[in-house]
Amino acid sequence: MKKEEKDPKKAEKEDTDKLKAEIKELRAHLMTQLQAVRSNGLPIIVLVEGWAAAGKGSLINQLISGIDPRNYNVTSPVITPEQEARYPFLYPYANAIPENGKIMFYDSGWMDDCVRKYLHRDITKDEYKKRVRAVNEFERQLRDGGYLLLKLFVDISEKEQRKRIRALRESFETEWRVTADDMWQMNEYKLFRDEYENFMDKTGKVIPWHPVDGSKRMLAARDALKLLVEQIDKALEEGRYIGKPFKENFPLIKMPRLAEVDLSPSLTEEEYKKELKKLQKRLGELHNVIYRKKIPVILCYEGWDAAGKGGNICRVTRPLDPRGYDVMPIASPEPHEKNRQYLWRFWKRLPRTGHVCVFDRTWYGRVMVERLEGFCDEDDWKRAYNEINEFERQLTDWGAVVLKFWIHIDQETQLQRFTDRQNTPEKAWKLTEEDWRNREKWPQYEEAIDEMLEKTSTENAPWFIIESNDKKYARIKALRIVIEALEKACEDRLA
């Protein structure tokens, strides 16, 4: 009996119908998952990378189809205003991370950014290596902070890419979608494929890459949806991932313990006024130079309550052009800040190149207040030492001058200043019940501060203990340190 041959068109329709049914089932499962995602506060990032004309936008559209728009956002961080070039390379991606319980889809991201700039020779081989390292650190910090990160690469062949780009260019309605970079990538397909594979190999050990066959859009949608629901199921079953503390060997500067610091240095009023005038004049001159040379400056102030941080900051910023600096007072995180990885609110406040940002309190709250008041788990604050060192290294790799001041006083001086504030109506607002509570925990805070100084005073972002029993001496010392660091940065940077 002759075997009946299957009709190809019928077989194709059956395959299409099967894919449609699978996609419908996966979407229904995703809708159910999202209720648990919200209630469990699971933040999700889906990074969709791939070839030009591979269908990244179409794939994202398939993934979000049917999802309540209040539960997700789509961003294209690479398509940013020109001024974004004046921030660290990870700035747009770090800024876009979602709140707990929401999904963020990135339409291209750090892979495309790194590979294109490297192949275009916009960045050197050394800069490229630093960016790869920063990507691994960024992804690991997100994972360790409880984020689910799914990385997709939409793959098509050289022949398929040429076919699609040709079709886009032939239509008046779509020719605008093909950029000069897309044409360059098409003509250098093999070069890009090698570098994409190299990038995935170097950045796939912490969070793996998942290639998706983009030659058939419906198949790509099915495979991507399947990966997404499987990853969400696993995350919901196992709970949010909390990373364990670890240590990288950063070059550290040996710091004295606070109890060993001599707090007796002081200045006369005449010495203070003379030095203040001279130093502020020099700092004002340097502000013009760092603006012209596009050197970003980040000054971090921490210290005991009533140690004189505010007065110190005022003397440092007074000679600066107000258009070229910002002071960022950092208080307890707002609800939308608590709902993201703890460094997010500092990424958002970074200065542009050529500008100065002064942080009045910083990311070090993680290893002080949050540690001692129980606002984060022990693994969180122990892991933070290394995460902070990585964050600051990324800032200095970008070209920033990062200086960190611990404004130091003894307990007797603090009590005297508290009493003075309490008895002076125009100063009373500065004193709070929290200040008194923190004072009672002086020994615990001192222990935490000593550990912080020991583990995070790196050669690229050093700590300076500023003796502030005499505020005049403290202000002059801080100014001298800032001026010396800026002079060195200006000498090192080409005009």
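The preceding data block contains the structure.
Attention here is on the structure that accompanies the text. (Residues numbered from 1 in each chain as written. Predicted model: local features only at pLDDT ≥ 70, side-chain atom pairs only at ≥ 80, totals over all residues. Heavy atoms only, no water.)

**Section: the overall build of the chain**
The number of helices and strands found in the chain is 19 helices and ten strands. Considering only C-alpha atoms, the chain reaches an extent of 110 × 50 × 40 Å along its principal axes. Counting every position in the chain, which comprises 495 residues, the buried fraction comes to 52%. Sequence-distant contacts in the chain: of pairs separated by 6 or more residues, those separated by 24 or more amount to 83%. Accessible surface computed for the chain: about 25,300 Å², of which carbon and sulfur atoms make up 49%. (Helix = DSSP H or I, 4+ residues; strand = E, 2+ residues; numbered from the N terminus. Buried < 20%, exposed > 50% of the residue type's maximum accessible area, 1.4 Å probe, protein only. Contact = heavy atoms within 4.5 Å. Areas by Shrake-Rupley, 256 points an atom, 1.4 Å probe, with all protein chains shown as cover.)

**Focus: empty space enclosed by the protein**
Within the structure shown, the criterion is met by three cavities of 30 Å³ or more. Of the volumes computed, that of the largest cavity is approximately 60 Å³. Around the largest cavity, the lining residues are A94, I97, F138, Q141, L142, Q341, L343, W344 and W347. Listing elements by their share of the lining of the largest cavity, those giving two or more residues are α5 (125–144) and α13 (344–347). Broken down by element, the lining of the largest cavity gets its largest block of residues, three residues, from α5. Along the lines of polarity and charge, the residues of the lining of the largest cavity split into seven nonpolar, two polar and no charged. (1 Å grid on protein atoms, 1.4 Å probe; cavity = no way out; pocket = protein on both sides within 12 Å on 5 of 7 lines; lining within 4 Å. Points joined across faces, edges and corners; volume = space filled by probe spheres on them. Nonpolar A, V, L, I, M, F, W, Y, C, P; charged D, E, K, R; others polar.)

**Brief notes about the sheet that holds strand β8 (residues 356–360)**
Think of a sheet as strands paired side by side through backbone hydrogen bonds, with each pair either parallel or antiparallel. Here five strands make up an open sheet; going across it, the order is β7-β8-β6-β9-β10 and the pairing parallel. Both edges of this open sheet fall to β7 (325–329) and β10 (463–467), since each of them pairs with a single strand only. This sheet shows a mean twist of 20° between the axes of neighbouring strands, independent of strand direction. The sheet contact formed by strand β9 (residues 401–408) and β10 spans five bridges and is parallel. Counted as the bridge partner of F405 is F464 from β10. (Pairing = 2+ DSSP bridges. Axes fitted to C-alpha atoms, helices over the stretch in contact; angles between N-to-C directions.)

**Some thoughts on the nonpolar core**
Counting 140 residues, the largest nonpolar core has V46, W110, L152, F199 and W363 as the members making the most contacts within it. For this core, the leading source of residues is helix α19 (residues 471–492), giving eleven residues. Sequence-distant contacts of F199, that is, excluding residues within four places in its chain, are made with W110, M111, C114, V115, Y128, V132, V135 and W209. Grouped together as the second largest cluster of nonpolar side chains are five residues, I165, L168, V178 and M183 included. (Core = buried A, V, L, I, M, F, W, Y, C linked by side-chain atoms within 4.5 Å.)

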